[in-house]
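# Summary of the model geometry
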Amino acid sequence: MSTLQELLEYQKADGELRKIEQELAASDARKKSLQARNFIKNAESRIAAQDKRALELKALRDELIARVDETAKAIAEYADIDEIVEGGGDVSFYKKNAQQLSERLRAVKAELARLTAEVESLTAEYKKMMEQGKQMNRQYKEYAEKYKEVQASRAKEVAAINARLEEIGKNIPSEILEKYKQKRREKIFPVLVPLSGDMCVCGMDLPLAQRGRLAGGNVIECENCHRFIYKA
Ligand SMILES: [Zn+2]
């Protein structure tokens, strides 16, 4: 058999392998274990972001509490305002100051309340995510196990096809086979396609000079989709 014929045989067997791979990938066990794994992976970065925010909030809260204390102390100093007034102080000036301080205290307290609400919602979110995380961990374990069973149920078929691929592969020059395998890894399939009119299956036009090189079972690579083109 010519190399082209061997390659086509190889591709035929490879197509059966690919079909099994697709069926495995589409299995419920695979989908559910992947879903759980992705959740767990995302959760890690979300938890890191939440931890960072929690630290920021704690620092803000400490700062606000210090400001409340400070303002409350300043207000307390006005407790002896009567003495100040008796001592000849300007009442309106002190009153204004005391009023400003109470306003500031109110504002800081409101800010603190907002912050507390954010901390609470962050805590609730965190708790919910931990619960989901536990559930997803269970799902992952369960379906990863099931997926192994699904894979095992096809293992014999896969081994038989692989043995056949190896057998056919012996008749194909290794550099050509390596190129084929590389394309397959790049999710190109079928790797070999027949010339269709003057075009590749992807619609790329092939100039006459290139088509001329197809004679005698030669293959050329499509510049557009990178498939191997042969003349049927
Ligand atoms: Zn093409």
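### Here's the deal with the sheet that holds strand S1 (residues 192–194)
Strand order in the open sheet made by the 3 strands is S1-S3-S2, with mixed pairing throughout. With one partner strand each, in any of the chains shown, S1 and strand S2 (220–221) form the two edges of the open sheet. Pairing analysis gives 2 bridges linking S2 to strand S3 (residues 228–230), with the strands arranged antiparallel. Within S3, the position partnered with Glu-221 by the bridge is Phe-228. Strands S1 and S3 of the sheet are contacted by helix H1 (residues 3–25), whose axis makes an angle of about 115° with S1.

### Let's talk about the coordination of the zinc ion
Geometry reference: four tetrahedral donors at a metal, ideal angle 109.5 degrees. Six octahedral donors, ideal angles 90 or 180 degrees. In this structure, Cys-200 (SG), Cys-202 (SG), Cys-222 (SG) and Cys-225 (SG) serve as the protein donors to the zinc ion, at separations of 2.3 Å. Here the zinc ion binds 4 donor atoms, and the angle range of 106 to 113° at the metal identifies the geometry as tetrahedral. Mapped onto the polypeptide sequence, the residues donating to the zinc ion form the spacing pattern C-x1-C-x19-C-x2-C. Pair noted here: Cys-202 is in the loop between S1 and helix H6 (208–212) and Cys-225 is in the loop between S2 and S3, with a separation of 23 residues, a long-range link.

### Some details on the domain arrangement of the chain
Domain annotation for the chain reports domain 1 (3–171) and domain 2 (190–232). Computed from C-alpha coordinates alone, the two centres of domain 1 and domain 2 are separated by 50 Å. Here domain 1 and domain 2 share 0 salt bridges between them. Linking domain 1 to domain 2 there are 2 residue pairs in polar contact (both at pLDDT 80 or more). Each residue belonging to the side of domain 1 that touches domain 2 can be placed in one class, and the counts come to 3 nonpolar, 1 polar and no charged.

### Topic: the side chain of Gln-11
Here Gln-11 shows up in helix H1. Overall, Gln-11 belongs to the buried group, its relative accessible area being 10%. Side-chain polar atoms of Gln-11 contact the backbone nitrogen of Leu-192, separated by 2.8 Å. The residues touching Gln-11, leaving out its near neighbours within four places in the chain, are Tyr-180, Phe-189, Pro-190, Val-191 and Leu-192.

Criteria and thresholds
- Residues numbered from 1 in each chain as written.
- Predicted model: local features only at pLDDT ≥ 70, side-chain atom pairs only at ≥ 80, totals over all residues.
- Heavy atoms only, no water.
- Pairing = 2+ DSSP bridges.
- Helix = DSSP H or I, 4+ residues; strand = E, 2+ residues; numbered from the N terminus.
- Contact = heavy atoms within 4.5 Å.
- Axes fitted to C-alpha atoms, helices over the stretch in contact; angles between N-to-C directions.
- Donors = N, O, S within 2.8 Å, 3.2 Å for Na, K, Ca; no water.
- Tetrahedral: all angles 85-135°; square planar, octahedral: opposite > 155°, others 65-115°.
- Domains from an automatic or database assignment.
- Salt bridge = Lys/Arg side-chain N within 4 Å of Asp/Glu carboxyl O.
- Polar contact = N/O pair within 3.5 Å; in protein donor to acceptor, adjacent residues only side chain to side chain.
- Nonpolar A, V, L, I, M, F, W, Y, C, P; charged D, E, K, R; others polar.
- Buried < 20%, exposed > 50% of the residue type's maximum accessible area, 1.4 Å probe, protein only.

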